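# Tertiary structure, described
Here are the chains, one letter per residue:
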Amino acid sequence: MSAPFKLHRETAGHGLPIEEKFGYAGALRIGDTVHIAGQLARDAHGNQVPGPLAAKLAVAYDNIASLLAKLDLPMDRVVQAQIHVDVPIAANREVIRAVSSHRLHLAEVALTVVQVTGLNDADGMVEISAVADAGRKQEEGKMAANPATRSYSMAHSYAARMS
């Protein structure tokens, strides 16, 4: 009987007491994929950062960048992001677009924005989770070698409308 296959897992966190209390990792790397748990606008001490949505988005993105850096990855490796906001999307679309486009290559990221009725922090306003590719970076302008793989235009995507 062979031993069961065990995935190699690498984790990164901010070193906050809440991570230990609840036993979760801010980022989990399995193979070439990094899953980043929802990041709030919390400072280095775990306190919610006050301010408008733009400031909170920037801090949440900073927290994602910090976790990726601990795994030796830059922000441009993010391939998917999901933004949860507890404020009306329609009234805040431009703020979300402006801050997100400054931090992500929107045309290269599968982006979802979801309005929710509440977040972990009552005054949080935003939580961002993400997925990053930790594998070999594709050369710019090159298409996938597999002919069955298709490239799709982002012209009609949500990300394009946010740009």
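An account of the accompanying structure is given in this report. (Residues numbered from 1 in each chain as written. Predicted model: local features only at pLDDT ≥ 70, side-chain atom pairs only at ≥ 80, totals over all residues. Heavy atoms only, no water.)

### Overview of the nonpolar core
How we decide: For this analysis, a nonpolar core means a set of buried residues of the types Ala, Val, Leu, Ile, Met, Phe, Trp, Tyr and Cys, connected via side-chain atoms within 4.5 Å. Exposure classes here rest on a 1.4 Å probe applied to the protein chains alone. A residue is buried below 20% of its type maximum, exposed above 50%, and partly exposed in between. Strands are runs of DSSP state E lasting at least 2 residues, helices are runs of H or I lasting at least 4, and numbering of each runs from the N terminus. In this description, contact between two residues means that some pair of their heavy atoms is separated by no more than 4.5 Å.
Counting residues in hydrophobic clusters, the biggest one holds 33 residues, and the most contacted among them are Val34, Leu68, Ile83 and Ile128. Those elements that provide at least two residues to this core are strand E3 (33–39), helix H2 (53–70), strand E4 (78–85), helix H3 (89–103), strand E5 (110–115) and strand E6 (126–133). It is H2 that provides the largest number of residues to this core, a total of 7 residues. Setting aside anything within four residues of it in sequence, one finds Ile128 in contact with Ala37, Gly38, Gln39, Leu57, Ala60, Tyr61, Ile64, Ala81, Gln82 and Ile83.

### Section: unusual backbone geometry
The phi angle at Asp72 is positive, at roughly 60°, despite the residue not being glycine. For Asp72, a relative accessible area of 71% corresponds to the exposed category. Not every positive phi belongs to a glycine, and Met125 is a case in point at roughly 70°. Examined against the element boundaries, Met125 turns out to sit in the loop between E5 and E6.

### Let's talk about the sheet that holds strand E2 (residues 27–30)
Stated formally: By this definition, two strands are paired if DSSP reports at least two bridges between them. Note on definitions: angles span 0 to 180 degrees between N-to-C directions of axes, and those axes are lines fitted to C-alpha atoms, for helices only across the stretch in contact.
The strand order across the open sheet formed by 6 strands is E1-E2-E3-E6-E4-E5, and the pairing between neighbours is mixed. On the outer flanks of this sheet lie strand E1 (9–12) and E5, each paired with one strand and no other. Averaged over all pairs of adjacent strands, the angle between strand axes in this sheet comes to 10°, irrespective of strand direction. One ladder, built from 6 bridges, connects E4 with E5; its direction is parallel. In the strand pairing of E5, Gln82 is matched with Thr112. Contacting E1, E2, E3, E4 and E6, H2 crosses the sheet at an angle of about 30° to E6.

### Some thoughts on the pairing of E2
In E2, alternate side chains face the same way, and those of Ala27 and Arg29 are buried while those of Leu28 and Ile30 on the opposite face are not. With 4 bridges connecting them, E1 and E2 associate as antiparallel partners. Each bridged residue has a counterpart across the sheet, and for Ala12 the counterpart in E2 is Ala27. Inspection of the sheet shows E2 paired to E3 by 4 bridges, in the antiparallel sense. Among the inter-strand pairings, Ala27 is bridged to a residue of E3, identified as Ile36.

### Here's the deal with the pairing of E4
Counted only if it meets this: With strands facing away from the observer, any crossover in which the path from the first strand over the helix to the second runs clockwise is taken as right-handed.
Sheet analysis places E4 next to E6, joined by 7 bridges and oriented antiparallel. Following the sheet pairing, Ala81 is matched in E6 by Ala130. In this view, the connection linking E4 to its parallel neighbour E5 by way of H3 has right-handed handedness.

### Examining the packing of H2 against H3
The line we're drawing: Should an angle fall under 35 degrees it is taken as roughly parallel, and over 145 as roughly antiparallel, whereas 65 to 115 is taken as roughly perpendicular and any remaining angle as oblique. What makes a crossing left-handed is the near helix being turned counterclockwise from the far one by less than a right angle; a clockwise turn instead makes it right-handed.
Where H2 meets H3, the closest approach of the two axes is 10 Å, and the angle between their N-to-C directions is 30°. The orientation of H2 with respect to H3, classified from their angle, is roughly parallel. In terms of crossing hand, the pair formed by H2 and H3 is right-handed. Of H3, the residues touching H2 (which contributes Leu53, Ala54, Leu57, Ala58, Tyr61, Asp62 and Ala65) are Asn92, Val95, Ile96, Val99, Ser100 and Arg103.

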